[in-house]
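Chain and residue survey
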Amino acid sequence: MHWAILQFPGSNCDQDCLHVLRNVLKQGVRYVWHKETSLEGADVIVIPGGFSYGDYLRCGAIARFSPIMAAVRKAESQGKFIVGICNGFQILCEAGFLPGALIRNRDLHFVCEHVTIRVETPKSAFTQKYLLGQTLRIPIAHGEGSYFADAATLADLEANHQVLFRYCDPNGVIATGVNPNGSKNFIAGIINKKGNVCGLMPHPERAAEAVLGSTDGLGLFTSLINGSSFH
């Protein structure tokens, strides 16, 4: 399987993703600079975390206009898998690949810590290696990670089982005090209706080796390696 990792000015988790895919999972992977115009040969496209264009406007608002995004749109229409992590999630929302938006954290502070998220559905190309209700310990690092959408959009996401992950306590309970950023419905990750685009705030690439304290993030990548069953 071949993976493409996009690089924007300000991307800073691209190397983490490359390391996990190349050295841990032994996948074919390459960087693609944001000014390139082709993603031919890529089965999965990763839009990594960071601060694309310095987040000087809204997070991801400038990156959505980069030349490579036309190729991302073409890849999405072809059914290729696309995963946006943190800033990548913001870019996917700004570009209209996913509904809703990521806004300032509830407490207006940057948060960087390990959190627990719960798997809401294993019936997706991104979560098939997990179990329903499984809890994952994965780090977050963001200042604008609060997922927001209007009531109708949220109802649609829930009805179509598009919520992949929710913030929870270590026992999998959704309760006051476990939401690190104020996300609506405790949402930590979603997919599009077609099922080939995923955005999530936590960093699975930072929870892919035991030396980092957790390997819970590996399931997202290994799910995608076997993701062809969801085409």
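Scroll up to find the structure.
This section reports on the structure supplied with the text. Predicted model, so just to flag it, every value in this text is computed and none were measured. (Residues numbered from 1 in each chain as written. Predicted model: local features only at pLDDT ≥ 70, side-chain atom pairs only at ≥ 80, totals over all residues. Heavy atoms only, no water.)

Points about the overall build of the protein chain
Looking only at helices and strands, the protein chain features 5 helices and 11 strands. Taken over C-alpha atoms, the radius of gyration comes to 16 Å for the protein chain, in line with the 17 Å a tight globule of 231 residues would show. In terms of overall dimensions, the protein chain has C-alpha extents of about 45 × 35 × 35 Å along its principal axes. Going through the 231 residues of the protein chain one by one, you find that 55% of them count as buried. Partitioning the intrachain contacts of the protein chain with sequence separation of at least 6 by distance along the chain shows that 76% fall at a separation of at least 24. Here the protein chain has roughly 9,700 Å² of accessible surface; of this, 53% comes from carbon and sulfur atoms. Charge-centre separation for the protein chain: the mean point of 20 positive side chains lies 4 Å from the mean point of 19 negative side chains. (Helix = DSSP H or I, 4+ residues; strand = E, 2+ residues; numbered from the N terminus. Rg over C-alpha atoms; globule rule 2.2 N^0.38 Å. Buried < 20%, exposed > 50% of the residue type's maximum accessible area, 1.4 Å probe, protein only. Contact = heavy atoms within 4.5 Å. Areas by Shrake-Rupley, 256 points an atom, 1.4 Å probe, with all protein chains shown as cover. Lys, Arg positive; Asp, Glu negative; His and termini not counted. Charge placed at Lys NZ, Arg CZ, Asp CG, Glu CD.)

A closer look at the sheet that holds strand E6 (residues 111-119)
One open sheet accounts for 9 strands, arranged E2-E1-E3-E4-E11-E10-E9-E6-E7; its pairing is mixed. A strand with exactly one partner marks an edge of an open sheet, and here the two such strands are strand E2 (28-33) and strand E7 (135-142). Pairwise comparison of adjacent strand axes, ignoring direction, gives a mean angle of 25° for this sheet. Both strand E1 (residues 2-7) and strand E3 (residues 44-47) contribute to a ladder of 3 bridges, which runs parallel. (Pairing = 2+ DSSP bridges. Axes fitted to C-alpha atoms, helices over the stretch in contact; angles between N-to-C directions.)

Details of the environment of Phe 8
For Phe 8, the location among the structural elements is in the loop between E1 and helix H1 (14-24). Sequence separation of Phe 8 and Ser 66 is 58 residues, and the distance between their C-alpha atoms is 8.4 Å. Not counting chain neighbours up to four residues away, the residues in contact with Phe 8 comprise Trp 33, His 34, Ile 47, Ser 52, Tyr 53, Ala 63, Ser 66, Ile 68, Met 69 and Ile 91.

Description of the environment of Val 111
Turning to its location among the elements, Val 111 is positioned in strand E6. Each C-alpha atom, one on Val 111 and one on Ser 52, is 18 Å from the other, the two residues being 59 residues apart in sequence. Sequence-distant contacts of Val 111, that is, excluding residues within four places in its chain, are made with Asn 105, Ile 140, Ala 141, His 142 and Pro 180.

Brief notes about the layout of surface pockets
Here the largest pocket defines a volume of roughly 190 Å³. Gly 50, Phe 51, Phe 110, His 142 and Gly 143 are, among the 17 residues lining the largest pocket, the residues nearest its centre. Elements supplying a minimum of two residues to the lining of the largest pocket: helix H3 (87-94) and E7. Taken together, the residues of the lining of the largest pocket sort by class into 6 nonpolar, 7 polar and 4 charged. (1 Å grid on protein atoms, 1.4 Å probe; cavity = no way out; pocket = protein on both sides within 12 Å on 5 of 7 lines; lining within 4 Å. Points joined across faces, edges and corners; volume = space filled by probe spheres on them. Nonpolar A, V, L, I, M, F, W, Y, C, P; charged D, E, K, R; others polar.)

Quick notes on unusual backbone geometry
Located in the positive-phi region is His 161, a residue other than glycine, with phi close to 55°. Note that His 161 resides in the loop between helix H4 (151-159) and strand E9 (163-168). Under the relative-accessibility criterion, His 161 is labelled exposed at 58%. The phi torsion at Phe 186 lies on the positive side, around 60°, for a residue other than glycine. Position of Phe 186 among the secondary structure elements: in the loop between E9 and strand E10 (187-191). What makes Phe 186 partly exposed here is its relative accessible area of 22%.

Some points on the pairing of strand E4 (residues 81-85)
The element E4 is extensively covered by neighbouring structure, given that 5 of its 5 residues are classed as buried. In the sheet, E3 pairs with E4 via 4 bridges, with the strands oriented parallel. Opposite Ile 45, over in E4, you have Ile 82 as the bridge partner. Where E4 lies against strand E11 (residues 197-200), 4 bridges are found, and the strand directions are parallel.

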